[in-house]
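Structural characterization, general
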Amino acid sequence: MKQYFGKLANSSAGLADWKLIIIAFGVLMANNYLWTMLVASTTDYSIIKVIKTFDPKVYNWWLVIVFGPIVETLFLQYILLHLFLPVMPHWMAVLLAGLCFGLTHFYSPEYILMGIISGIILGFVFYVWWVQKGSLIKALCFVSLIHCLANSSAFLVNNYLWN
């Protein structure tokens, strides 16, 4: 696992910033919509049911699309990785930060699992920009941007296309 993680991180570090943003956003969206489709009709705790509870008012838009992703990037990627990286293997630090990210999204068991996968993806991208590329500012900005884009697409689809 350690060798694979290192090879993946090193090869990702060579990608242009916009390519890594597109790849991470695509994988994150595929994860989100796959889970949405898989659990939508199989449980009363479906992601769709949770997301439909969002009220498309300005304050909620601000919270879900802008404020939430930025705060989560600061706390669940930067601070946790800052604490975990010195004391454990890097791949384990990314997995543990992803687990913490998922556990903060406790709306349903399915949503937690989707959040863990999303957290690992975001944590990995943060790790690549911060540790491999050496830019904390880019890591904060780009991971927040990817998270904002993912939340905005889900917010718009669930509030305007499914209603």
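The paragraphs below set out a description of the structure included in this document. Residue positions are given per chain, counted from 1 along the sequence in the order it is written. Totals for whole chains, interfaces and linings use all residues, but because this is a predicted model, local features are given only for residues with pLDDT of at least 70 and pairs of side-chain atoms are given and counted only at 80 or more. In computing side-chain properties, one takes all heavy atoms of the structure into account and sets aside hydrogens as well as water.

For the rest of this paragraph, the subject is the overall build of the chain. In DSSP terms, a helix is any run of H or I states spanning at least four residues, a strand is any run of E spanning at least two, and both are numbered starting from the N terminus. Within the chain, the regular secondary structure consists of seven helices and zero strands. For every residue, the accessible area (1.4 Å probe, protein chains only) is compared with the maximum for its type, and the residue is labelled buried under 20%, exposed over 50%, or partly exposed between those bounds. Out of the 163 residues in the chain, the part that is buried amounts to 47%. Residue contacts are defined here by distance: any two heavy atoms, one from each residue, within 4.5 Å place the two residues in contact. Looking at the chain alone, contacts between residues at least 24 apart form 71% of all its contacts between residues at least 6 apart.

Moving on, we get to the side chain of Ser152. With respect to the element layout, Ser152 can be found in helix H7 (residues 136-161). For Ser152, a relative accessible area of 16% translates into the label buried. We call two N or O atoms a polar contact when they sit within 3.5 Å, provided that within protein one can donate a hydrogen and the other can accept it, with sequence-adjacent residues counted only if both atoms are side-chain atoms. Only 2.9 Å separates the side chain of Ser152 from the backbone oxygen of Leu149, close enough to count as a polar contact.

Turning to helix H5 (residues 90-103), a few remarks are in order. With 14 residues, H5 should reach 20 Å at 1.5 Å per residue; the first-to-last C-alpha distance of 20 Å fits that figure. Every buried residue of H5 is listed here: Ala93, Val94, Ala97, Gly98, Phe101 and Gly102. How far a helix is expected to stretch is found by multiplying one less than its residue total by 1.5 Å.

Turning to the packing of aromatic side chains, a few remarks are in order. Geometry of aromatic contacts follows a simple scheme: Phe, Tyr and Trp rings, the Trp one being its six-membered ring, pair when their centres are within 6.5 Å, and the pair is stacked under 30 degrees between planes, edge-to-face over 60, tilted otherwise. In total, this model carries three aromatic pairs according to the counting rule given. The interplanar angle of 55 degrees and the centroid separation of 5.4 Å between the aromatic rings of Tyr78 and Trp130 together place this pair among those described as tilted. A residue pair is termed long-range when its members are at least 10 positions apart, and Tyr78 in helix H4 (residues 58-84) and Trp130 in helix H6 (residues 109-132) qualify at 52 residues.

Right, let's get into the environment of Leu95. Topologically, Leu95 is positioned in helix H5. In sequence terms Leu95 and Ile117 are 22 residues apart; their C-alpha atoms lie 9.1 Å from each other.

Let's shift gears to a nonpolar patch on the surface. Surface patches are drawn from residues lacking salt bridges whose relative accessible area is over 30%; two like charges belong together within 9 Å, two nonpolar side chains (Val, Leu, Ile, Met, Phe, Trp, Tyr) within 5 Å. All accessible-area figures derive from a Shrake-Rupley calculation using a 1.4 Å probe, and residue coverage is judged against the displayed protein chains alone. By definition here, a salt bridge exists when the distance from a side-chain nitrogen of Lys or Arg to a carboxyl oxygen of Asp or Glu is within 4 Å. A cluster of nonpolar side chains, namely Ile70, Leu74, Phe75, Ile79 and Leu83, defines an oily patch on the protein surface of about 430 Å² accessible area. Along the chain, Leu74 turns up in helix H4.

Further remarks concern H6. The end-to-end C-alpha distance of H6, which contains 24 residues, comes to 33 Å, matching closely the 34 Å that a straight helix rising 1.5 Å per residue would cover. When you tally the buried positions in H6, you get 17 out of 24 residues, the bulk of the element. Two residues or fewer past H6, Gly134 is found with a positive phi of approximately 75 degrees.

In this description, a line fitted to the C-alpha atoms serves as the axis of each element, helices being fitted only across the stretch in contact, and the angle between N-to-C directions of two axes falls anywhere from 0 to 180 degrees. The geometry of H5 relative to H6 is characterised by a closest axis approach of 7 Å and an angle of 140 degrees between their N-to-C directions. Compared by their axis directions, H5 and H6 come out oblique. Of the two possible hands of crossing, H5 and H6 adopt the one that is right-handed. Residues His90, Val94, Leu95, Gly98, Leu99, Phe101, Gly102 and Leu103 of H5 form the contact with H6, whose own contacting residues are Ile112, Gly115, Ile116, Ser118, Gly119, Ile120, Leu122, Gly123, Phe124, Tyr127 and Val131. Residue classes follow a fixed rule: Ala, Val, Leu, Ile, Met, Phe, Trp, Tyr, Cys and Pro count as nonpolar, while Asp, Glu, Lys and Arg count as charged, and any other residue, Gly among them, counts as polar. Considered class by class, the residues forming the contact of H5 with H6 number 12 nonpolar, seven polar and no charged. An angle below 35 degrees is treated as roughly parallel, one above 145 as roughly antiparallel, one from 65 to 115 as roughly perpendicular, and anything else as oblique. Each crossing gets its hand from how the near helix is turned against the far one by less than a right angle, where anticlockwise is left-handed and clockwise is right-handed.

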